[in-house]
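Structural description and commentary
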Amino acid sequence: MIKCDINRIEDKIKTFSTFGDDKNGGITRYALSKEDELARTYFKTRMESIGAEVVFDDYANMYAILKGSDSLHKKIVMASHCDSVLNGGNYDGILGVICAMEVLETIKKENIPHKHDVVAMIWTNEEGSLYPPAIMVSGMLCKKYLPENIASNYDEDKMFSSKDILTNKTTFKEALDKFKYKGEYKNRLNPHDYLAMFEAHIEQGPILETSGNDIGVVRCVLGMVNYSIIVEGQANHAGTTPMKYRKDALLTLSKILVELHNKIDELKIDDLVYTNGQICVKPNVHTVIPSYAEIMIDVRHIDHVVLKRVADIINSFDGLKLDGCLVKTKLNWSRDTTYFDPRLVNFVKSSADELGYKNQFINSGAGHDAQFASYMLPTTMIFAPSKNGRSHCDEEYTSLDHCHKLATTLLHAVLKTDKDF
Ligand SMILES: [Zn+2]
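Residues numbered from 1 in each chain as written. Predicted model: local features only at pLDDT ≥ 70, side-chain atom pairs only at ≥ 80, totals over all residues.

1. Focus on helix α3 (residues 94–109)
Threshold: Strands here are runs of E lasting at least two residues and helices are runs of H or I lasting at least four, both read from the DSSP assignment and numbered beginning at the N terminus. Here, expected helix span is obtained from the residue count minus one, scaled by 1.5 Å. Comment: burial labels come from other C-beta atoms within 10 Å of the residue's own C-beta, placed from the backbone, where a count of 20 or more is buried, 12 or fewer is exposed, and between is partly exposed.
Given a rise of 1.5 Å per residue, 16 residues ought to cover 22 Å, and the 22 Å separating the end C-alpha atoms of α3 matches this to within 8%. Of all 16 residues making up α3, 14 are buried, and the element is well covered by its neighbours. Looking one or two residues past α3, Asn-111 carries a phi angle of roughly 55 degrees, positive in sign.

Okay, structure coming up:
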């Protein structure tokens, strides 16, 4: 079976790692930054050199289109993102772009016949690390196909007014309007011109490495709910208020947090993950007893019944009065488990099997553009192992051999789609 070129893949990984090099082994490449522009320019130049036509849409998503033999057919697209978090790695997102480019280069070099146009695509602002939220542009672009509980989070006016978190000055819209690769609405990914979408990505977790597998055949992106638990107490002087008269919101919240974890753990549910990663304390002054404490809880699981059971536990704290404080809970947002197209999942599975790559079915715990695209057109994802399960850090690493296997699996899954979908 035809394979992608490992040296060409290495060359692309090395070159992209120079755009936003943080000199610590990783990169900082925010969406719509100078570094993002450099990465896009390299993508454009390299894709045009093999005869692909490169166009951009009004969200600055980029598309390199390699013409198929029959212009009546819809296009097959392989997409990921090239922006990163602060001090992110050289693989998250960009490896999917590199694999897509490599598939086009292999098709061209090996003269592989294909009926459909095959497209390598870059999504703008997946990470949302400078202009929150994450998965912003695919959220806007796919909005009318999304369920209402998700769509309502991606209102264009609100997204466009998202401000640069570093300076709090430039909005996403202002940065987009100035960006070199802002193009036209008519070029947007859409279900009339596009048949299917693939996203190759690193796993960002330890499952493939632990099991010794080369390829993850992704079946779904896990459903998630995000709640706030808010405790209202009373601000007072740290030196003059005796302990027994205090209504300390943070102390009360910490007691609730321990009880919450105990109750959720008592459910003993496999594969359930939940995280309290963000906290807000007011007034957050070292001489004042906290009057307000809020912690977020992010819960992920494939089964909505399980998510509901955890939500019930969270909500059981709502209205509770403890140590003179009042507890409230609030749903911030929720997403259903997104199942990928079973026919495309099968193409990935049979490609990996035929290539002799050790593989397994896997679920994605992280969110991706593919999850929103899947509401619009048949979509799926393919994972490669992440060393030590690390991601969003300088140490993020996927071996060249695994990158090569990821690109080659993608190539064959696309060719099967071209033939049989
Ligand atoms: Zn990513």
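2. Brief notes about the packing of helix α9 (residues 249–266) against helix α10 (residues 304–315)
Keep this limit in mind: The angle between two axes is taken between their N-to-C directions and runs from 0 to 180 degrees, where each axis is a line fitted to C-alpha atoms and a helix contributes only its stretch in contact. Orientation is classified from the angle alone, with under 35 degrees giving roughly parallel, over 145 giving roughly antiparallel, 65 to 115 giving roughly perpendicular, and any other angle giving oblique. It is the rotation of the near helix from the far one that decides the hand of a crossing: anticlockwise by less than a right angle makes it left-handed, clockwise makes it right-handed. What counts as a contact here is a pair of residues whose C-beta atoms, placed from the backbone, lie within 7 Å. Under this grouping Gly is polar, as are all residues other than the nonpolar Ala, Val, Leu, Ile, Met, Phe, Trp, Tyr, Cys and Pro and the charged Asp, Glu, Lys and Arg.
Direction vectors running N to C along α9 and α10 enclose 150 degrees, while the axes themselves pass 10 Å from each other. Considering the angle they form, α9 stands roughly antiparallel to α10. The crossing of α9 and α10 is right-handed. Of the residues in α10, those in contact with Leu-260, Lys-263 and Ile-264 of α9 are Val-310, Ile-313 and Ile-314. Tallied by class, residues from the contact of α9 with α10 come to five nonpolar, no polar and one charged.

3. Focus on unusual backbone geometry
Here the amide bond leading from Pro-132 into Pro-133 is cis, since omega sits at 5 degrees, within 30 degrees of zero. Secondary-structure assignment places Pro-133 in the loop between β4 (118–123) and α4 (136–141). A cis geometry characterises the amide bond from Lys-282 onward to Pro-283, with omega recorded as 0 degrees. Within the secondary structure, Pro-283 sits in the loop between β9 (279–282) and β10 (292–301). Within the chain, Asn-284 stands out as a residue other than glycine whose phi angle is a positive 60 degrees.

4. Examining helix α2 (residues 34–48)
As a reminder, the rule being used: Think of it as the arc spanned by the lines of direction from the helix axis to the C-beta atoms.
The end-to-end C-alpha separation of α2 is 21 Å, in line with the 21 Å expected for 15 residues at 1.5 Å each. The complete set of buried residues in α2 reads Glu-35, Asp-36, Ala-39, Arg-40, Phe-43, Arg-46 and Met-47. Down the axis of α2, the smallest arc covering the buried residues is 140 degrees, so these residues share one side. In α2, the exposed positions angled more than 90 degrees off the buried face are occupied by Lys-34, Thr-45 and Glu-48.

5. A few points about the domain arrangement of the protein
Short version of the rule: Per the annotation, domain bounds derive from an automatic or database assignment of domains.
The domain boundaries assigned to the protein delineate domain 1 (6–221 + 337–420) and domain 2 (223–335). Computed over C-alpha atoms, the centres of domain 1 and domain 2 are 36 Å apart. With seven residues of domain 1 in contact, the opposing surface of domain 2 contributes eight residues. Each residue belonging to the side of domain 1 that touches domain 2 can be placed in one class, and the counts come to two nonpolar, five polar and no charged.

6. Some details on the nonpolar core
We apply this condition: What makes a nonpolar core is a set of buried Ala, Val, Leu, Ile, Met, Phe, Trp, Tyr and Cys residues, with links drawn between C-beta atoms within 7 Å.
Residues Met-78, Val-103, Leu-104, Met-121, Ile-382 and Leu-410 are the most contacted members of the largest nonpolar core, which totals 94 residues. Among the elements that take part in this core, α3 stands out by supplying 10 residues, more than any other. When residues no more than four places from it in sequence are discounted, the contact partners of Met-121 are Asn-61, Met-62, Tyr-63, Val-77, Met-78, Ala-79, Ala-100 and Leu-189.

7. Digging into the pairing of β10
Heads up, the condition is: Paired strands, in this sense, are two strands between which DSSP finds at least two bridges.
Of the strand pairs in this sheet, strand β7 (residues 223–232) and β10 are connected by 10 bridges, and their pairing is antiparallel. Considered in β10, the bridge of Val-231 is made with Ala-293. As defined by bridge partners, strand β8 (residues 273–275) adjoins β10 across three bridges and the pair is classed as antiparallel. Paired with Thr-275 across the two strands is Asp-298, which belongs to β10.

8. Re the environment of His-73
Among the structural elements, His-73 can be located in the loop between β2 (62–66) and β3 (75–81). Judged by the 14 C-beta atoms lying within 10 Å of it, His-73 is partly exposed. Note: C-alpha distance between His-73 and Met-381 (308 residues apart in sequence) is 22 Å. Look past the residues within four positions of His-73 in its chain and what remains in contact with it is Gly-68, Lys-115 and His-116.

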